[in-house]
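Here are the chains, one letter per residue:
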Amino acid sequence: MTDTGEKDERDLMDEALERLEQAIETRNAGEALNALKTLDWEDQRWAISHLSMRRLKLLTLILGTEDAAKLLSHLAEAQAVEILEELPRPETAAIIATLSRRIAADILRELHEDDAVEILAAITDTNDRLELERRMAYTEGCAGSLMRGGAVTFPVAATVGE
């Protein structure tokens, strides 16, 4: 016999999923975000995994670049890659450019090489593109892929205590 609390939680998740699906079908980004906000990140991953690819693609497009990037950054890498592979290249490039450089490079490494090259070429900010290319040159998870570019300087007279 299941615990009443578990049943209530599952009912809430199912209701949120239904609200999300309805919002997607009516192309209502605000309602889609509201449905997602009722779930924690783990439950959002669950809900996303229960959407068809058609609905995932539509959700990503109606959310807009910033919200889509925020959502994808909290998904499992494989889920994010699967969604981005289905989007038109300009939208994918805009989302990739909005993600943190580490997450963006990790996702680009998982795409087919031709797709990654095409997406990188569509990123209009030269500094963003070069930083992603630099990060992608390193194996995922190694120090080089995690480092930030740039240098930190201190005055000559500075001490460790300062």
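These numbers were taken from a predicted model, which means no experiment stands behind them.

**Student:** Help me understand the side chain of Arg-101, please; the structure alone is not making it clear to me.
**Tutor:** Note on placement: Arg-101 falls in helix α8 (residues 101-110). Among the polar contacts made by the side chain of Arg-101, one reaches the main-chain carbonyl oxygen of Leu-99 at a distance of 2.9 Å.

**Student:** Please explain the environment of Asp-125 as it appears in this structure.
**Tutor:** Examined against the element boundaries, Asp-125 turns out to sit in the loop between α9 (113-122) and α10 (126-136). Placed 28 residues apart in sequence, Asp-125 and Ala-97 show a C-alpha to C-alpha distance of 8.3 Å.

**Student:** I would appreciate a short explanation of α10 in the present structure.
**Tutor:** Given 3.6 residues per helical turn, the α-helix brings residues three or four places apart onto the same face. When we look at burial in α10, the residues that qualify are Glu-131, Leu-132 and Arg-135. Buried positions in α10, seen along its axis, are confined to an arc of 100° and lie on one side of it. The N-capping residue of α10, defined by a side-chain oxygen 2.9 Å from the backbone nitrogen of Asn-127, is Asp-125.

**Student:** Would you take a moment to explain the nonpolar core for this structure?
**Tutor:** Formed by 44 residues in total, the largest nonpolar core has its most connected members in Leu-20, Leu-59 and Ile-96. The dominant element in this core, judged by the number of residues it contributes, is helix α1 (residues 4-25), at 6 residues. Once residues within four sequence positions are removed from consideration, Leu-59 is found in contact with Leu-20, Ile-24, Ala-32, Ile-48, Leu-51 and Leu-71.

**Student:** Sorry, what's going on with the side chain of Gln-44 here?
**Tutor:** Within the element layout of this structure, Gln-44 appears in helix α3 (residues 41-49). By relative accessible area, which is 7% here, Gln-44 ends up buried. A distance of 2.9 Å separates a polar atom in the side chain of Gln-44 from the backbone oxygen of Leu-36. Discounting residues that sit within four places of it in the chain, Gln-44 has contacts with Leu-36, Lys-37, Leu-39 and Leu-71.

**Student:** What am I meant to see in the environment of Ala-16 here?
**Tutor:** In this structure, Ala-16 sits in helix α1. As a C-alpha pair, Ala-16 and Asn-34 span 18 residues in sequence and 8.9 Å in three-dimensional space. If we ignore the near neighbours within four places in the chain, the residues touching Ala-16 are Ala-35, Thr-38 and Leu-39.

**Student:** What am I meant to see in α9 here?
**Tutor:** Residues of α9 that are buried include every one of Asp-115, Ala-116, Ile-119 and Leu-120, and no others. Viewed along the axis of α9, the buried residues span an arc of 130°, placing them on a single side of the element. Set apart from the buried face of α9 by more than 90 degrees, the exposed residues are Glu-113, Asp-114 and Ala-121. Where α9 is buried, its residues touch α7 (89-98), α8 and α10.

**Student:** Help me understand the pattern of salt bridges, please; the structure alone is not making it clear to me.
**Tutor:** Once their charged atoms are close, side chains differing in charge can pair, the charge on each being opposite to the other. Applying the stated rule across the entire model yields 11 salt bridges. A salt bridge links Asp-128 to Arg-101, with the nearest nitrogen and oxygen atoms 3.3 Å apart. With Asp-128 in helix α10 and Arg-101 in helix α8, this residue pair connects regions lying 27 residues apart in the sequence. A cluster of three or more residues bridged by salt bridges with shared partners is formed by Glu-21, Glu-25, Arg-54 and Arg-55.

What counts, and at which threshold
Residues numbered from 1 in each chain as written. Predicted model: local features only at pLDDT ≥ 70, side-chain atom pairs only at ≥ 80, totals over all residues. Heavy atoms only, no water. Helix = DSSP H or I, 4+ residues; strand = E, 2+ residues; numbered from the N terminus. Polar contact = N/O pair within 3.5 Å; in protein donor to acceptor, adjacent residues only side chain to side chain. Buried < 20%, exposed > 50% of the residue type's maximum accessible area, 1.4 Å probe, protein only. Arc of directions from axis to C-beta. Core = buried A, V, L, I, M, F, W, Y, C linked by side-chain atoms within 4.5 Å. Contact = heavy atoms within 4.5 Å. Salt bridge = Lys/Arg side-chain N within 4 Å of Asp/Glu carboxyl O.

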